[in-house]
There are 2 protein chains.
Amino acid sequence: MATTRTDPLTLEVVDLIGTVVARYHDEYEEVAARYHLTGAQARVLGLLSMEPTAMRRIALKLKCEPSNVTGIIDRLEARGLVERRPDPADRRVKIAAATDEGRQTARELRDALHFAREPLAELSAEERRTLRDLLQRMLGAEAGA
Amino acid sequence: MATTRTDPLTLEVVDLIGTVVARYHDEYEEVAARYHLTGAQARVLGLLSMEPTAMRRIALKLKCEPSNVTGIIDRLEARGLVERRPDPADRRVKIAAATDEGRQTARELRDALHFAREPLAELSAEERRTLRDLLQRMLGAEAGA
DNA sequence: TATTGTTATACTCTATAACTATA
DNA sequence: TATAGTTATAGAGTATAACAATA
């Protein structure tokens, strides 16, 4: 393990991952901006297009304070992409849900996000499988540490 | 290529990359916060620890407007991590450079960033080489598109 | 005239703390 | 009393526009 810290090959891979992260992030922001959405708004809209979610759960998924979610949902709601619904089981809870228009926008956003999909076309199925397995082992490693 | 758009294997890899991006970003912010730096400040400090850079070039690397760099450098300079120097060749230009303390902090930040380095220890040298080559082909693909 | 860095302004995201309405 | 959501506030990043100094 000590050798892995400064191993040139490892540093090279770390650097490549940094590049992947930067490019992914840039493209995400750029696609969101095309729809006049911020990155945070696009992320929340994506979440809600999968399933309606209580405010507090959105904060957990975004790893931010619940108070911030209020403003993000406010702005999405003002544009008709999201609506607040009461939770029949607990009157304190408000559930945010994408409207039809919101789901449509989320779908278009997903389709516009070419990064990592177009480039992957360059790889064969065999290579994509290998990449998947390596990434899975990388991501799973921390649990066992 | 049309098949690659909805191919389950490709979507799986795209999803894994999304997870990598999220985890990388979270750890970066967390490590920066440990040093009472924001993500943007840590990124700029990292840049300047490599080489002194004119304000305008910093904006290009950060992909933001030059006016924003003023504030980021102001805050780093107020903490003694960075200093502004005149450019002898062009008196309009100001060159931002990390101080000794700034370079030390940048070094500690780099060392603290375990993500993608610790997990990679789980992979053999052969596997790391494979991962490197696949990522390189992914990233290089867009140039040819 | 064009360019560099800055200032001024406005918007969004962020955390903290206090508030409300429920539970 | 504890929890869900909100409001109020302040700090930071962002873009736009206008400005001074310099090229």
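The preceding data block contains the structure.
Presented here is a report on the structure given in the accompanying data block. (Residues numbered from 1 in each chain as written. Chains lettered and ligands numbered in written order. Predicted model: local features only at pLDDT ≥ 70, side-chain atom pairs only at ≥ 80, totals over all residues. Heavy atoms only, no water.)

**So, the overall build of chain A**
We count it as follows: To qualify as a helix, a DSSP run of H or I must reach at least 4 residues; to qualify as a strand, a run of E must reach at least 2; elements of each kind are numbered from the N terminus. Radius of gyration here uses only the C-alpha atoms, and the compact-globule reference equals 2.2 Å multiplied by the residue count raised to the power 0.38. Partly exposed describes any residue whose relative accessible area lies between the buried limit of under 20% and the exposed limit of over 50%, with all areas from a 1.4 Å probe on protein chains only and scaled to the type maximum. Every residue pair with non-hydrogen atoms within 4.5 Å of one another is taken to be in contact. Here Asp and Glu are counted as negative and Lys and Arg as positive; His is not counted, and neither are the chain ends. Taken as the charge centre is NZ of Lys, CZ of Arg, CG of Asp or CD of Glu, depending on the residue.
When you go through chain A residue by residue, the secondary structure sums to 7 helices and 3 strands. For chain A, the N- to C-terminal ordering of α and β elements is α-α-α-β-α-α-β-β-α-α. Over its C-alpha atoms chain A spans a radius of gyration of 19 Å, topping by over 25% the 15 Å that the globule rule assigns to 145 residues. In terms of overall dimensions, chain A has a C-alpha envelope of 55 × 35 × 25 Å along the principal axes. Expressed as a percentage of its 145 residues, the buried residues of chain A come to 41%. Long-range pairs, those at least 24 residues apart, make up 50% of the contacts in chain A between residues at least 6 apart in sequence. Each charge class in chain A was averaged separately, 23 positive and 24 negative side chains, and the resulting centres sit 7 Å apart.

**Brief notes about the pairing of strand 3 (residues 94-98) of chain B**
All names here are of chain B. Applied cut-off: Between any two strands, at least two bridges found by DSSP are needed for them to pair.
Counting buried positions along strand 3 yields 4 of 5 residues, so the element is predominantly enclosed. By the bridge criterion, 2 bridges tie strand 1 (residues 53-54) to strand 3 in an arrangement that is antiparallel. The partner of Thr 53 across the bridge, within strand 3, is Ala 96. Direction of pairing for strand 2 (residues 82-86) relative to strand 3: antiparallel, over a ladder of 5 bridges.

**Let's talk about the interface of chain A and chain B**
Rule in force here: Joining two parts hides part of their accessible area as seen by a 1.4 Å probe, and the buried area is that hidden amount summed over both. Put simply, a salt bridge is a Lys or Arg side-chain nitrogen that is within 4 Å of an Asp or Glu carboxyl oxygen.
Contact residues are listed per partner, giving 44 residues for chain A and 44 residues for chain B. A buried area of about 4800 Å², summed over both sides, lies between chain A and chain B, and 73% of it is on carbon and sulfur atoms. Across the contact surface, chain A and chain B share 8 salt bridges. A salt bridge links Arg137(A) to Glu127(B); its shortest N-O distance comes to 2.6 Å.

**Details of the protein's contact with DNA strand D**
Put simply, the rule reads: It suffices for a single heavy atom of a residue to lie within 4 Å of a molecule or strand for the residue to be listed as near it. Each residue is assigned to one of three groups, with Ala, Val, Leu, Ile, Met, Phe, Trp, Tyr, Cys and Pro labelled nonpolar, Asp, Glu, Lys and Arg labelled charged, and all others, Gly among them, labelled polar.
Close to DNA strand D lie 22 residues, the nearest being Arg56(A), Arg84(A), Thr38(B), Ser67(B) and Arg75(B). For DNA strand D, the fraction of protein-proximal atoms (within 4 Å) that sit in sugar or phosphate groups is 69%. Among the secondary structure elements, those contributing two or more residues to the surface near DNA strand D are helix 4 (55-62) and helix 5 (66-78) of chain A together with helix 3 (39-50) and helix 5 (66-78) of chain B. Of the residues in the surface near DNA strand D, the class split is 7 nonpolar, 6 polar and 9 charged.

**Observations concerning the relation of the copies chain A and chain B**
Note the threshold: Copies overlap after least-squares fitting; the atoms used are the C-alpha atoms of residues with pLDDT of at least 70 in both.
At an RMSD of 0.1 Å, chain A and chain B line up after a rotation of 179 degrees and a shift of 0.0 Å along the axis. Each copy turns onto its partner about a two-fold axis. Among all residues of chain A, the one whose C-alpha sits closest to the rotation axis is Val21(A), at a distance of 2.6 Å. Interface overlap between copies is the fraction of interface residues in one copy that are interface residues in the other; for chain A against chain B it reaches 100%, indicating a shared surface.

**Some remarks on the environment of Asp26(A)**
Residues and elements named next belong to chain A. Counting through the fold element by element, Asp 26 comes out in helix 2 (residues 8-34). Residue Asp 26 is classed as partly exposed on the basis of its relative accessible area, which comes to 31%. Sequence spacing of Asp 26 and Phe 115 is 89 residues, and the spatial spacing of their C-alpha atoms is 9.8 Å.

**Re the sheet that holds strand 3 of chain B**
A sheet is described by the order of its strands in space; here 3 strands give the open sequence 1-3-2 (chain B), paired in antiparallel fashion. A single partner strand is all that each edge strand has here, and the edge strands are strand 1 and strand 2 of chain B.

**Section: the environment of Ala97(A)**
Residue and element names in this part refer to chain A. Examined against the element boundaries, Ala 97 turns out to sit in strand 3 (residues 94-98). Take Ala 97: its relative accessible area is 1%, and that puts it in the buried class. Linking Ala 97 and Ile 73, residues 24 residues apart in sequence, is a C-alpha distance of 9.7 Å. Every residue in contact with Ala 97, bar those within four places of it in the chain, is listed here: Leu 48, Pro 52, Leu 81, Val 82, Glu 83 and Arg 85.

**Re the protein's contact with DNA strand C**
Quick note on the threshold: Contacts described as polar in this section are N or O atom pairs within 3.5 Å, which, within protein, must combine one atom able to donate a hydrogen with one able to accept it, while residues neighboring in sequence count only if both atoms come from side chains.
Close contacts around DNA strand C come from 23 residues, with Thr38(A), Ser67(A), Asn68(A), Arg75(A) and Arg56(B) the closest. Restricting attention to atoms of DNA strand C within 4 Å of the protein, one finds that 68% of them are sugar or phosphate atoms. Within the side chain of Arg84(B), one N or O atom sits 2.8 Å away from a phosphate oxygen of DNA strand C. When residues of the surface near DNA strand C are traced back to their parent elements, those giving at least two are helix 3 (39-50) and helix 5 of chain A together with helix 4 (55-62) and helix 5 of chain B. Examining the composition of the surface near DNA strand C, we find that 4 residues originate from one element, helix 5 of chain A, more than from any other.

**Concerning the packing of aromatic side chains**
Residue and element names in this part refer to chain A. In plain terms, the rule: Between rings of Phe, Tyr and Trp, where Trp is taken as its six-membered ring, a pair exists when centres lie within 6.5 Å; planes separated by under 30 degrees are stacked, by over 60 edge-to-face, and by other angles tilted.
Counted by the stated rule, this structure contains 1 aromatic pair over all chains. Between Tyr 24 and Tyr 28, the ring centres sit 6.5 Å apart and the planes meet at 15 degrees, which makes this aromatic pair stacked. Residue Tyr 24 and its partner Tyr 28 are located together in helix 2, separated by 4 residues, close to a single helical turn. On the basis of relative accessible area, Tyr 24 is assigned to the buried category, the value being 17%. Tyr 28 sits in the buried class, given a relative accessible area of 18%.

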